[in-house]
Amino acid sequence: VQLQAFGGGLVQAGGSLRLSCVASGRTFSGYVMGWFRQAPGKERDVVAAIWWSSGITNLVDSVKGRFTISRDRAKNTVTLQMGSLKPEDTAVYYCAAGRISPGGSWVLSSWYEYWGQGTQVTVSS
């Protein structure tokens, strides 16, 4: 299984970026696809997640109204569209895939078994 994330870069505050994650190596029916981010000196935190089969999405409060997550099953791609970017959004962004059992939590990185390599997003003020 391989997850390839790309689309990061340098953008000014208020700008937009679109991150893509191309997944391969298995079918992802029943999986949750997530985007996490890790800023220097901080823990890796979830940003958004989407249930591959149903398309149901979840986002953390800090990005609601600014970010959207979507998936294209035909292209095996998960996209994180980021808008109204702030300097505090600066981080390495990772895509991940996992099966969340009943009682599990989409926000916990431990539930995700596959990870992409990360892509840097830098937002200048």
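Burial along strand 11 (residues 119-124) is one-sided: Thr119, Val121 and Val123 are buried, while Gln120, Thr122 and Ser124, pointing the other way, are not. Where strand 2 (residues 9-12) meets strand 11, four bridges bridge the pair, whose relative direction is parallel. From the neighbouring strand, Val11 faces strand 11, where its bridge partner is Val123. Looking at chain direction, strand 9 (residues 91-98) and strand 11 are connected through three bridges and run antiparallel. Its bridge partner lying in strand 11, Tyr93 is registered against Thr119.

The subject of this paragraph is the nonpolar core. Side chains of a nonpolar character, in soluble globular proteins, are inclined to be buried together. Met33, Trp35, Phe67, Leu80, Met82 and Tyr93 are the most contacted members of the largest nonpolar core, which has 38 residues in total. Contributions of two or more residues to this core are made by strand 1 (2-6), strand 3 (17-24), strand 4 (32-38), strand 5 (44-51), strand 7 (67-72), strand 8 (77-82), strand 9 and strand 11.

Here we come to the environment of Asp45. Within the secondary structure, Asp45 sits in strand 5. Look at Asp45 and you get partly exposed, because its relative accessible area is 44%. For the pair Asp45 and Thr119, spaced 74 residues apart in the sequence, the C-alpha separation amounts to 15 Å. Every residue in contact with Asp45, bar those within four places of it in the chain, is listed here: Trp35, Phe36 and Arg37.

As enumerated under the stated definition, the model contains six aromatic pairs in all. Where Tyr31 meets Tyr114, the ring centres are 6.2 Å apart and the plane angle is 25°; that geometry is what we call stacked. Taken together, the positions of Tyr31 in the loop between strand 3 and strand 4 and Tyr114 in strand 10 (residues 114-115) put the pair 83 residues apart, joining distant regions of the chain. By relative accessible area, Tyr114 is classed as partly exposed at 22%. Here a set of aromatic residues connected by ring pairs shows up, and it is made of Phe28, Tyr31, Trp52 and Tyr114.

Enumeration over the complete set of coordinates arrives at four salt bridges. Between Arg99 and Glu113 there is a salt bridge, with its nearest N and O atoms 3.8 Å apart. Taken together, the positions of Arg99 in the loop between strand 9 and strand 10 and Glu113 in the loop between strand 9 and strand 10 put the pair 14 residues apart, joining distant regions of the chain. The class of Arg99 is partly exposed, set by a relative accessible area of 47%.

Rules used throughout
Residues numbered from 1 in each chain as written. Predicted model: local features only at pLDDT ≥ 70, side-chain atom pairs only at ≥ 80, totals over all residues. Heavy atoms only, no water. Buried < 20%, exposed > 50% of the residue type's maximum accessible area, 1.4 Å probe, protein only. Helix = DSSP H or I, 4+ residues; strand = E, 2+ residues; numbered from the N terminus. Pairing = 2+ DSSP bridges. Core = buried A, V, L, I, M, F, W, Y, C linked by side-chain atoms within 4.5 Å. Contact = heavy atoms within 4.5 Å. Phe/Tyr/Trp six-rings, centres within 6.5 Å; stacked < 30°, edge-to-face > 60°. Salt bridge = Lys/Arg side-chain N within 4 Å of Asp/Glu carboxyl O.

Worth remembering: the numbers are spatial, not functional.
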